[in-house]
Amino acid sequence: MANNTHLLLRANLKQLKLPTMAAEFEKLAREAAAANEIYEQYLLRLTELEVAARSTNAVRARIKNAGFPVLKDFDTFDFTAVPGLSKPKMLELARGEWIDERSNACLIGSPGTGKSHLATALGLAACRQGKRVRFVAAGALVTQLEEAQKRYQLDRLLAQLDRLDLLICDELGYLSFSRAGAELLFQVFADRYERKSLLVTSNLAFSEWNQVFQGERMTAALLDRLTHRCHIFEMNGESYRFRESMKSRKGRKAETEKG
Ligand code: ADP
Ligand code: MG
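Since we're looking at a predicted model, the values are computed, not measured.

Concerning the nonpolar core
Here comes step 1: In terms of nonpolar packing, the biggest core is built from 34 residues, with L145, L172, F189, V200, W209 and F213 touching the most fellow members.
Here comes step 2: Mapped onto this core, the elements with two or more residues apiece are β1 (104-108), α7 (138-150), α8 (154-162), β3 (166-172), α9 (179-192), β4 (197-202), α10 (210-213) and α11 (216-228).
Here comes step 3: Ranked by residues supplied to this core, first place goes to α9 with six residues.
Here comes step 4: Non-local contacts of L172, meaning those with residues more than four positions away in its chain, are made with A138, F177, L185, V200, T201, S202, N203, W209, V212 and F213.

Some words on the packing of helix α2 (residues 19-34) against helix α3 (residues 39-66)
Here comes step 1: Orientation of α2 relative to α3, taken along the N-to-C sense of each, is 145°, at an axis distance of 9 Å. Along this stretch, α2 crosses α3, giving a crossing that reads as right-handed. Contact residues: P19, T20, M21, E24, F25, L28, A29, E31 and A32 in α2; Y42, R45, L46, T47, L49, E50 and A53 in α3.
Here comes step 2: When grouped by side-chain class, the residues that make up the contact of α2 with α3 number 10 nonpolar, two polar and four charged.

Some thoughts on the state of the cysteines
Here comes step 1: Counted under the stated rule, the structure contains zero disulfides.
Here comes step 2: Left without a disulfide partner, C106 is nearest to the cysteine sulfur of C230, which lies 3.7 Å away.
Here comes step 3: Relative accessible area serves as the criterion here: at 19%, C230 is assigned to the buried category.

Quick notes on the pairing of β4
Here comes step 1: The buried fraction of β4 is high, at six of six residues.
Here comes step 2: What you see with β4 is no split at all: S197, L199 and T201 on one side and L198, V200 and S202 on the other are buried throughout.
Here comes step 3: Where β1 and β4 come together, four bridges link them in parallel fashion. Paired with C106 across the two strands is V200, which belongs to β4.
Here comes step 4: The β-α-β motif built from β3, the intervening α9 and the parallel element β4 has right-handed crossover chirality.

Examining the site of ligand 1
Here comes step 1: Taken together, 16 residues surround ligand 1, and among them K72, D78, G112, K115 and H117 come closest.
Here comes step 2: In the environment of ligand 1, an oxygen atom lies 2.8 Å from a nitrogen or oxygen atom belonging to the side chain of K115.
Here comes step 3: At a separation of 2.8 Å, an oxygen atom of ligand 1 approaches a polar side-chain atom of S116.
Here comes step 4: Across the complex, the protein chains shield 86% of the 550 Å² of accessible surface that ligand 1 would expose by itself.
Here comes step 5: When contributions to the shell around ligand 1 are tallied by element, the ones reaching two or more residues are α6 (115-128) and α12 (240-258).
Here comes step 6: Per element, the largest residue contribution to the shell around ligand 1 is three residues, and it comes from α6.
Here comes step 7: Looking at side-chain class alone, the shell around ligand 1 contains five nonpolar, seven polar and four charged residues.

What to know about the packing of aromatic side chains
Here comes step 1: Throughout the structure, instances matching the rule amount to five aromatic pairs.
Here comes step 2: Between F77 and F79, the ring centres sit 4.9 Å apart and the planes meet at 70°, which makes this aromatic pair edge-to-face. Accessibility classification places F77 together with F79 in one group, the buried group.
Here comes step 3: Pairing F189 with F213 gives two aromatic rings, centres 6.4 Å apart and planes at 55°, and the pair type is tilted.

Some details on the side chain of T201
Here comes step 1: Mapping T201 onto the fold places it in strand β4.
Here comes step 2: Looking at T201, the relative accessible area reads 1%, which means it is buried.
Here comes step 3: Contact partners of T201, with chain neighbours within four places excluded, come to L107, K115, A119, C169, D170, E171 and L172.

Regarding the sheet that holds β3
Here comes step 1: Judged by pairing direction, the sheet is parallel, and its five strands sit side by side in the order β2-β3-β4-β1-β5 without closing on themselves. Each edge of the sheet is formed by a strand with only one pairing partner; in this case those strands are β2 (133-137) and β5 (230-234). Here the strands of the sheet are splayed against their neighbours by 10° on average, with no regard to which way each runs.
Here comes step 2: Summarising the sheet, β1 and β5 pair through five bridges and their orientation is parallel. Opposite L107, over in β5, you have F233 as the bridge partner.
Here comes step 3: Against the sheet, α11 touches β1, β4 and β5, its axis set at about 100° to β5.

Basis of the calculations
Residues numbered from 1 in each chain as written. Chains lettered and ligands numbered in written order. Predicted model: local features only at pLDDT ≥ 70, side-chain atom pairs only at ≥ 80, totals over all residues. Heavy atoms only, no water. Core = buried A, V, L, I, M, F, W, Y, C linked by side-chain atoms within 4.5 Å. Buried < 20%, exposed > 50% of the residue type's maximum accessible area, 1.4 Å probe, protein only. Helix = DSSP H or I, 4+ residues; strand = E, 2+ residues; numbered from the N terminus. Contact = heavy atoms within 4.5 Å. Axes fitted to C-alpha atoms, helices over the stretch in contact; angles between N-to-C directions. Left-handed = near helix turned anticlockwise from the far one by under 90°. Nonpolar A, V, L, I, M, F, W, Y, C, P; charged D, E, K, R; others polar. Disulfide = S-S within 2.5 Å. Pairing = 2+ DSSP bridges. Right-handed = clockwise from strand over helix to strand, strands pointing away. Near = heavy atom within 4 Å. Polar contact = N/O pair within 3.5 Å; in protein donor to acceptor, adjacent residues only side chain to side chain. Areas by Shrake-Rupley, 256 points an atom, 1.4 Å probe, with all protein chains shown as cover. Phe/Tyr/Trp six-rings, centres within 6.5 Å; stacked < 30°, edge-to-face > 60°.

Written out as structure tokens, the structure is:
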């Protein structure tokens, strides 16, 4: 009884947690019969579907867990707008070897120059390579650390962060921290040194980082570790947002003058 076989097979595949095989085996079996495929060929094609679905789901889950505020990728980034930025070097970084080598990256530059956009694109590339990533604004990270400490759960949070292959700390420098907050952030950065990668974006030049970390000694110690093996990109220039809005304003003005 084909139907009974189908029911039992579906139940087994469900129990074995092979949902794609369960969904596809009938259709594939019809195709295999029509094409006179051997059994192994049929089984191979069926398992390939399950493997492909699993890896797609894993990438999706890694991207979700990374917590990117908006999904921005390289395809929408206009490299010609940032002439000082090396596109080949950035795309080389997107291959992820720097993360395997436990190095760091810094994107430094004025607001609106695409730092968060590129940090997200690099993070997405890492997720697709099977790496564990988290994207967090520096201020939010410090708040999380302080709250965890209050609840005696700091070790747990630090262990979670430690499992990440890449921690992206965005917008360092917009907010300055309390001494305790700065020390906690320092601890996270220092813990990752030569063990796990860190990507930091900041509107401040390194020489200004003691505004955030309070105290020259802590800042020097932190920069020493962060920049030891670090890909540094300086992205100074006009804000892309500002330029785009000026362009559309000029466009509108030209339209009204014409009409
Ligand atoms: P930053 O983090 O440096 O302040 P963002 O990455 O947030 O800047 O960029 C601001 C906005 O402008 C975002 O919507 C971003 O996608 C866009 N943007 C910035 N630079 C570029 C660029 N070179 N090409 C395309 N979009 C860009
Ligand atoms: Mg930003």
